[in-house]
Amino acid sequence: MNDRQDSVSPQGDPMVDFEAAFDDAPFRWKDYAVEDFVTLLVFWALILVVFAQFFSRYVLGNSIGWTEEVARYLLIVVGFLGSAMAARNGSHILVEFFYHYMPSWQARLLERLMGLASLAFFVAMAWITYQLAARTSSLMVSIDLPKSLIYYTVCVAFVLMALRTLQRFYVTYRQHRDAI
């Protein structure tokens, strides 16, 4: 039994893969879009608000009232703007297992159908969140801002997702057309 284990060569040095994950590629502005920078800004605001909440609660012994609600809303904004980033990069979750076992023309067709379904979903959700925002007139509990502001932000994120999906369709169509 030991002879068999000794004859099997190792798959590779795990440190090579670990170190490859930290290879620094040069920073290029064109790799990023407006939603990336806005999401980063909102994320840093979320970090600061959560830190203020932690500091005031556990160090000062008296929690700041508005931090929990604002942190919740900032997390919502980060999630939806992050989805717009994922739509631009084409990195939304999908099941790639089937693509490997299909002929290439079927895989392209399925990819286009799923893109159209995603586009329809994004447009429908943008319309629904717009209607919800228009009907919402209440204020947030701890700060005097309208709740519709959050719904409009989610609506903008869905519109961005739809636009980025259309952009991916256009780029894919152009690449396919140029390859022919």
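This structure is a prediction, so every number in the text was calculated from the model and none was measured.

(A) Expanded view of the UniProt feature "transmembrane region" (unreviewed entry) in the protein. The positions that UniProt labels "transmembrane region" (unreviewed entry) are, in the present scheme, residues 37-58, 70-88, 109-129 and 149-166. Secondary structure content for residues 70-88 is 100% helix and 0% strand, and the end C-alpha separation is 27 Å.

(B) Region of interest: the nonpolar core. The biggest cluster of nonpolar side chains holds 20 residues, and the ones touching the most others in it are V42, V49, L74, F122, F158 and M161. Contributing elements (two or more residues each) for this core: α3 (34-59), α4 (67-89), α5 (104-135) and α6 (148-179). Sequence-distant contacts of V42, defined by excluding residues within four places in its chain, comprise L74, V77 and V78.

(C) Seen up close, the pattern of salt bridges. Per the stated rule, a full pass over the model turns up 4 salt bridges. Here E35 ties to R88 by a salt bridge, and the two come within 3.5 Å at their closest N and O atoms. Of this pair, E35 sits in helix α3 while R88 sits in helix α4, and the two are 53 residues apart along the sequence. Among the residues examined, E35 registers a relative accessible area of 4% and is labelled buried. Ionic pairing is found between R164 and E35, a salt bridge with its closest N-O pair at 2.8 Å. Taken as a pair, R164 in helix α6 and E35 in helix α3 lie far apart in primary sequence, 129 residues in all. Per residue, the accessibility class of R164 equals that of E35, and both read buried. Here the salt bridges do not stand alone but share partners, grouping E35, D36, R88 and R164 into one network.

(D) Inspection of the packing of α5 against α6 at higher detail. In the contact formed by α5 and α6, the axes pass within 8 Å of each other and the chain directions differ by 160°. Taken together, the axes of α5 and α6 are roughly antiparallel relative to one another. For the pair α5 and α6, the sense of crossing is left-handed. For the contact of α5 with α6, the class distribution of residues is 21 nonpolar, 5 polar and 2 charged.

(E) Inspection of the side chain of D36 at higher detail. Take D36: it is sitting in helix α3. Within the structure, D36 has its side chain in polar contact with the backbone nitrogen of A33 (distance 2.8 Å). When near neighbours in sequence (up to four residues on either side) are disregarded, D36 contacts D31, M85 and R88.

(F) Spotlight on the confidence of the model for the protein. Put simply, the protein has an average pLDDT of 85, and 87% of its residues get 70 or more. Confidence scores differ between elements of the protein, with helix α1 (residues 2-7) showing the lowest mean pLDDT of 48 and α3 the highest of 94. Below pLDDT 50 for its whole length, residues 3-10 participates in 0 contacts with residues either more than four positions away or in separate chains.

(G) Quick peek at the packing of α4 against α6. Between α4 and α6, the least distance of the axes is 7 Å, while the angle of their chain directions is 10°. When the axis of α4 is compared with that of α6, the two are roughly parallel. Contacts between α4 and α6 involve Y73, I76, V77, F80, L81, S83, A84, A87, R88 and N89 from the former and I150, T153, V154, A157, F158, L160, M161, R164, T165, Q167 and R168 from the latter. In terms of residue class, the contact of α4 with α6 is built from 13 nonpolar, 5 polar and 3 charged.

Cut-offs and rules
- Residues numbered from 1 in each chain as written.
- Predicted model: local features only at pLDDT ≥ 70, side-chain atom pairs only at ≥ 80, totals over all residues.
- Heavy atoms only, no water.
- UniProt positions renumbered as here; feature names shortened; annotations may be inferred.
- Helix = DSSP H or I, 4+ residues; strand = E, 2+ residues; numbered from the N terminus.
- Core = buried A, V, L, I, M, F, W, Y, C linked by side-chain atoms within 4.5 Å.
- Buried < 20%, exposed > 50% of the residue type's maximum accessible area, 1.4 Å probe, protein only.
- Contact = heavy atoms within 4.5 Å.
- Salt bridge = Lys/Arg side-chain N within 4 Å of Asp/Glu carboxyl O.
- Axes fitted to C-alpha atoms, helices over the stretch in contact; angles between N-to-C directions.
- Parallel < 35°, antiparallel > 145°, perpendicular 65-115°, else oblique.
- Left-handed = near helix turned anticlockwise from the far one by under 90°.
- Nonpolar A, V, L, I, M, F, W, Y, C, P; charged D, E, K, R; others polar.
- Polar contact = N/O pair within 3.5 Å; in protein donor to acceptor, adjacent residues only side chain to side chain.
- pLDDT = per-residue confidence, 0-100.

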